[in-house]
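Summary of structural features
Residues per chain, in single letters:
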Amino acid sequence: MTIQWFPGHMAKARREITEKLKLIDVVFELVDARVPLASRNPMIDEITAGKPRLLLLNKADMADPEVTRLWVEYFQGKNLPVLVLNSKTGQGINKIEAAAKELVKEKFDKMKAKGIIKPRAVRALILGIPNVGKSTLINRMAGKNIAVTGDKPGVTKRQQWIKVGSSLELLDTPGILWPKFEDQSIGLKLAVTGAIKETLLDFSEIVLYALNYYKDHYPQRLQERYSLEDIPQEGIQLFDEIGKKRGCLMSGGYIDYEKTAEIVLRDIRAEKLGRLSYERPDQV
Ligand code: G4P
């Protein structure tokens, strides 16, 4: 589902997040490891209003591991604690509880010393733009402990807490942030990684963007996948070459760009070009 973010929607999302923030100690900000900047809301600092935050680079199974390593260094260098996850298999999620405890330790210790709070679990909220994997992660973390919610007629659905380990409680509904299309490349990055599903951009535009990126960063993968001898200078020539190799021709010998784009996009989604990242810290 594509969510259109109109000012009214954003105001509502913000109100909902503000309400949830009152209940929690720490925010888990979920982003896509392949596009950790494009998949985050740049107003996150303001929105979370100083709550301690743990950045979770999700879908790391699809990202270039070397680039993910650079991102971890980058965020750590900005004093933002960060973990790398695959929410589908659960890889990495066992580190979340300890990281959350660490984030609130000083505050909790002080409050305990003053007798303000009794020892209790750390309460957390997952925040992120649509499709970064929030529900998948919540389900994974819930495991068998998934709360039974009052989804029956006449029962109001309230916020439920999911117990994770011995010292963490997670709100069962995430906070949904809106993506920020500050420039066209953000939309293209979100489209190529599947974060926005149907878009106003056509397939060819998305694929041309991806091919231009691979040409500069993953030329060998392109050569191998499409049996190309050389990588042309221009993305559009690359499109032509792949079209020819895959027999996507129309009458008159012209390249059928739409068909070529479909093939390449299918390959990207099926990870036929391997694990790819679309943003690198050295280009920030
Ligand atoms: P959301 O709540 O943030 O909107 O995202 P959601 O959990 O619905 O996840 C969006 C898509 O991303 C789902 O795929 C989900 O399976 C996939 N996903 C989530 N986390 C990971 C991850 O760490 N690795 C990989 N490879 N995929 C992940 P889908 O195609 O929409 O659904 P499905 O085919 O998995 O059912």
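Residues numbered from 1 in each chain as written. Predicted model: local features only at pLDDT ≥ 70, side-chain atom pairs only at ≥ 80, totals over all residues. Heavy atoms only, no water.

Describing the pairing of strand E5 (residues 161–164)
Applicable threshold: Categorising residues by exposure relies on relative accessible area from a 1.4 Å probe, with only protein chains included: less than 20% of the type maximum marks a residue as buried, more than 50% marks it as exposed, and the intermediate range marks it as partly exposed. Secondary structure elements follow DSSP: runs of H or I of four or more residues count as helices, runs of E of two or more count as strands, with numbering from the N terminus. When DSSP locates at least two bridges between a pair of strands, those strands are taken to pair.
A one-sided burial pattern is seen for E5, the buried positions being Ile162 and Val164 and the unburied ones Trp161 and Lys163. The pairing of E5 with strand E6 (residues 168–171) spans four bridges and is classified as antiparallel. Counterpart to valine 164 in the pairing with E6 is leucine 168. What sits between E5 and E6 in their antiparallel hairpin is a turn of three residues, with glycine 165 showing a positive phi close to 65°.

Some words on the site of the ligand
Using the following cut-off: Residues are classed as near a molecule or strand on a simple rule: at least one heavy atom within 4 Å of it. What qualifies as a polar contact is a pair of N or O atoms within 3.5 Å, subject to a donor-acceptor requirement within protein and to the restriction that residues adjacent in sequence count only when both atoms come from side chains. Surface exposure here means Shrake-Rupley accessible area, sampled with a 1.4 Å probe, where a residue is shielded only by the protein chains that are shown.
The full set close to the ligand counts 15 residues, and Asp61, Asn131, Lys134, Ser135 and Thr136 are the nearest of them. One nitrogen or oxygen atom from the side chain of lysine 59 is found 3.0 Å from an oxygen atom belonging to the ligand. Here a nitrogen atom of the ligand sits 2.8 Å away from a polar atom, N or O, in the side chain of aspartate 61. Taken by itself the ligand offers 710 Å² of open surface, and the protein chains cover 66% of this.

Thoughts on the pattern of salt bridges
Heads up, the condition is: A carboxyl oxygen of Asp or Glu within 4 Å of a side-chain nitrogen of Lys or Arg is what we treat as a salt bridge.
The tally for this structure, following the rule as stated, stands at 17 salt bridges. Across the salt bridge formed by aspartate 45 and arginine 53, the nearest N and O atoms sit 2.2 Å from each other. By relative accessible area, aspartate 45 is classed as exposed at 52%. Looking at arginine 53, the relative accessible area reads 11%, which means it is buried. Among the ionic contacts, a cluster of salt bridges with common partners joins Glu29, Arg40, Asp45 and Arg53.

With respect to the nonpolar core
A general feature of soluble globular proteins is that nonpolar side chains tend to end up buried together. Note the cut-off: Nonpolar cores were defined as sets of buried Ala, Val, Leu, Ile, Met, Phe, Trp, Tyr and Cys residues, with membership established by side-chain atoms within 4.5 Å. When checking whether two residues touch, look at their non-hydrogen atoms; a contact exists if any pair is within 4.5 Å.
Judged by nonpolar contacts, the single largest core of 84 residues is most densely connected at Phe28, Ile96 and Tyr214. Among the elements that line this core, the one with the most residues is helix H7 (residues 203–217), at seven residues. In contact with phenylalanine 28, other than residues within four places in its own chain, are Leu54, Leu56, Ile96, Ala100, Ala124, Leu125, Ile126, Leu127, Met141, Leu168 and Leu170.

Re helix H1 (residues 7–21)
Turn by turn, an α-helix covers 3.6 residues, leaving residues three or four places apart pointing in a common direction. The following threshold applies: Multiplying 1.5 Å by the residue count of a helix minus one yields the expected span of that helix. An arc is given here, and it is the one of the directions from the helix axis to the C-beta atoms.
Between its first and last C-alpha, H1 extends 21 Å over 15 residues, near the 21 Å set by a 1.5 Å rise per residue. Burial in H1 covers these residues: Ala13, Ile17, Lys20 and Leu21. Within H1, the buried residues cover an arc of 95° as seen down the axis, which keeps them to one side. Residues Pro7, Gly8 and Arg15 are exposed on H1 and point more than 90 degrees away from its buried face. For H1, the elements touching its buried residues are strand E1 (26–32), helix H2 (44–48), strand E4 (122–128), E6 and strand E7 (175–176).

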